[in-house]
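Structural description and commentary
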Amino acid sequence: MTTQAEHRMPPATLPADADLLPSAEPIRFLDDDGGPAPGDAHGRYERPAPELLRRAYAAMVLGRRFDAQATALTKQGRLAVYPSSRGQEACQIGAVLALREADWLFPTYRDTMALAARGIDAADALTLLRGSWHCGYDPMATRTAPQCTPLATHAPHAVGVAYAARRRGEDTVALVLIGDGGTSEGDFHEALNFAAVFHAPVVFLVQNNGYAISVPLSRQTAAPSLAHKGAGYGVRGERVDGNDPLAVLAVLTEAVESARAGGGPVLVEAHTYRIEPHTNADDDARYRDHDEVETWKRRDPIARLEAYLRSQGELTDDDVSAAREAAEAYAADVRARLGEEPSGDPADLFAHVYAAPTPQLREQAGWLAEELAR
Amino acid sequence: MTLSIGKALNAALRDAMREDDTVLMFGEDVGALGGVFRVTDGLAAEFGDRCFDTPLAEAGIVGMAVGMAMNGFRPVVEMQFDAFAYPAFEQIASHVAKMRNRTRGAVNLPMVIRVPYAGGIGGVEHHSDSSEAYYAHTPGLKVVTPATVADAYSLLREAIADPDPVVFMEAKKLYWAKDEVSLPVTTAPFGTAEVRREGTDATLVAYGPAVPVALEAAAAAAEDGRSLEVVDLRTLVPFDDSAVAESVRKTGRCVVVAEATGFAGVSAEIAARVQERCFHSLWAPVLRVTGWDVPYPPPVLEKYHLPGVDRVLDTVDRLQWDDVPDPRFLVPEQAT
Ligand SMILES: Cc1ncc(C[n+]2csc(CCOP(=O)(O)OP(=O)(O)O)c2C)c(N)n1
Ligand SMILES: [Mg+2]
């Protein structure tokens, strides 16, 4: 029995068994210095066009400056806390650039750079981390879910949004960002399974930065890679050098377009590293060596992309200065706008718990108002 | 026509799905089987894949419903049994309940989580929990529990139409309770308690599976010349403070009857609210008849656990009719 809804859905194609497992080594187009790397043996991925890479470069420079500014704001008490994603720029920007405006992004607390790249106002994007009770932006208008803190719990939401679109015959894709630690949570697995069973156009991007706060990847999994986790669910897995912007863009673009075309969900594991501690409140000397951080600094995604684009004659000194100036201006604006004390109207406590406040909430709002009037 | 609560719920789902094709029904065994309690019987046949089975994973079911509610659908999901909704609790508490607030109203989640709950059906372990307090304690959720056939239909229609997420608690032992009703029927809206039986001497406040027990107790008390009023809450959130207080102010005495364990339960909340609002009208402390504070017992012990008519009547007897203090709560010196 087929129904109307099924007729509207684009035809589903299942991944071949051989395609379920990721490539033996992470896909990379650039070596650690931005020189050419072997690329992709299967020839599945296309080297991104220079114009896209130039955009990625500017967005990554801006993202890093924004990130540094946000960390600085914690020291001045303007942000309650900030989890830096310095070093993960290729993943954050690549994820956004692989999507269309009508696609959905499901970010975590660490993905503030991605919000900025999505065009969300910087002050809005920092609302939650300023200590407010709401996410700051309109998820419906920006097609960007609120940043999620309970690990992996947003993954099934991405499946629902994508499956809803597919049922209506729309070609919307949802991309969900998850950390390596988050892959141990049940919701990650349930989301992969549901996405596969309902053939939902979802791309799961795991930013494997090696740690979940202090706990290394070896304590999260004994699997050969996180990308292998797709196979058991019938989800195609792939792994990529997460500090190689070319490879990240190539792999994510392929994954997003494959999902859009009815190829089902894709799981991408990006190998990356967070250069800063977990948040400004973390002491990373307790669990990792300084040398390790230095090693990863030498695989810097911005430096690699810059070297590559320069070698191709696609980036001039003027372009680099322009990107840096734009980033400085952006940071100055963020500084200025987060300078004021955040305000909180006590009435807001009650305003959005339900579509219309219950009698009990109306009563309590009145009591609070009386208390404040004294 | 004569209809059971189970069939009335089925009719509500069918009518909602006929009227609005964004209404979807999904969960475990809700498709071809029609649900283990047959509440979704025939929906897959009529609506095809608008009523569908999912993988067996409750967090995934509720989490996917969140995403679908964000993107244009009105999902109704079935948790197979009370205790099997616990895997979904994180989704419910952290997302379903909070999404509107954390997006300042930008994201609505018009979804219904149906939970067959409570005991009295001889269920084995993990099949008889009264889990309503977990949900009622979580701001952002509406919690509804019908006790009549007309309410089963009307409250479920209202839940599906509501812009807020609703945890819809269906007392299992009432699925087969029948009444005369003509559908479609519209009863009082959410937040309205109903006086099911008028009385003058004391008020029994009940909800869900305890409502028929309270009514039976009131009928028995009448034979002994005591007139008990029975208030059916219908919705725990929003709570109808005014109807409950109005009744207790009139009668001056109150017993809360609930099947769930009493400690930190909805019954405790009701008792607190009644004494806050009705202290000067009360002739006796507000008493409660609830399940004991034990894990829900196996079928052989169920009858000792469930609040029954006798326990309700005994409790009514302790409402200080002749100014005699309740012997159960005397301080030791008074007792000797
Ligand atoms: C369900 C849940 N458990 C614990 C936490 C506390 N917590 C916040 S971030 C974090 C580490 C997450 O690591 P990972 O998924 O690798 O993401 P990363 O922070 O590295 O980006 C933990 C344990 C949480 N937010 N949610
Ligand atoms: Mg991590």
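Being a predicted model, the structure only gives us computed values, none of them experimental.

This paragraph deals with the environment of A:Q312. Residues and elements named next belong to chain A. Inspection of the secondary structure puts Q312 in the loop between α12 (301-311) and α13 (317-337). On the accessibility criterion, Q312 (45% relative accessible area) is partly exposed. For the pair formed by Q312 and P50, sequence separation is 262 residues and the distance between their alpha carbons is 8.9 Å. Reaching out from Q312, the side chain makes a polar contact with the side chain of S311 at a distance of 3.5 Å.

Turning our attention to the pairing of strand β5 (residues 112-117) of chain B. All names here are of chain B. Burial runs high along β5: 6 of the 6 residues are buried. Bridge analysis of strand β4 (residues 74-78) against β5 gives 3 bridges, and the strand direction is parallel. What sits directly across from V76, in β5, is V112. Sheet topology note: the β5/strand β7 (residues 166-171) ladder contains 6 bridges and is parallel. Residue pairing across strands places V112 opposite V166, the latter belonging to β7.

On to empty space enclosed by the protein, then. Taken as a whole and judged by the stated rule, the model has 3 cavities of 30 Å³ or more. For the second largest cavity, the calculated volume is near 40 Å³. A:F106, A:A145, A:P146, A:C148, A:H154, A:H157, B:M70, B:H95, B:M99 and B:R102 together form the lining of the second largest cavity. Its residues placed into classes, the lining of the second largest cavity shows 6 nonpolar, 3 polar and 1 charged.

All names here are of chain A. The protein atoms that coordinate the magnesium ion (ligand 2) are D180 (OD), N209 (OD1) and Y211 (O), at distances spanning 2.0 to 2.1 Å. The sequence pattern describing where the donors of the magnesium ion (ligand 2) fall on their chain is D-x28-N-x1-Y. Linking D180 in the loop between β4 (174-179) and α9 (186-197) with N209 in the loop between β5 (202-208) and β6 (211-212), this pair joins segments that are 29 residues apart in sequence. The exposure classification of D180 matches that of N209, with both residues buried.

Glancing now at the domain arrangement of chain B. Residues and elements named next belong to chain B. If you check the domain split of chain B, you get domain 1 (2-180) and domain 2 (194-335). Just the C-alpha atoms count here: the centres of domain 1 and domain 2 sit 28 Å apart. Facing the 26 residues of domain 1 at the interface are 22 residues of domain 2. Of the roughly 1,800 Å² buried between domain 1 and domain 2, counting both surfaces, carbon and sulfur atoms make up 61%. The tally of links between domain 1 and domain 2 comes to 2 salt bridges. Between D151 and R196 there is a salt bridge, with its nearest N and O atoms 2.7 Å apart. Along the contact surface separating domain 1 from domain 2 lie 11 residue pairs in polar contact (both at pLDDT 80 or more). Tallied by class, the residues present in the side of domain 1 that touches domain 2 amount to 13 nonpolar, 8 polar and 5 charged.

Calculation notes
Residues numbered from 1 in each chain as written. Chains lettered and ligands numbered in written order. Predicted model: local features only at pLDDT ≥ 70, side-chain atom pairs only at ≥ 80, totals over all residues. Heavy atoms only, no water. Helix = DSSP H or I, 4+ residues; strand = E, 2+ residues; numbered from the N terminus. Buried < 20%, exposed > 50% of the residue type's maximum accessible area, 1.4 Å probe, protein only. Polar contact = N/O pair within 3.5 Å; in protein donor to acceptor, adjacent residues only side chain to side chain. Pairing = 2+ DSSP bridges. 1 Å grid on protein atoms, 1.4 Å probe; cavity = no way out; pocket = protein on both sides within 12 Å on 5 of 7 lines; lining within 4 Å. Points joined across faces, edges and corners; volume = space filled by probe spheres on them. Nonpolar A, V, L, I, M, F, W, Y, C, P; charged D, E, K, R; others polar. Donors = N, O, S within 2.8 Å, 3.2 Å for Na, K, Ca; no water. Domains from an automatic or database assignment. Contact = heavy atoms within 4.5 Å. Buried area = accessible area lost by both parts, 1.4 Å probe. Salt bridge = Lys/Arg side-chain N within 4 Å of Asp/Glu carboxyl O.

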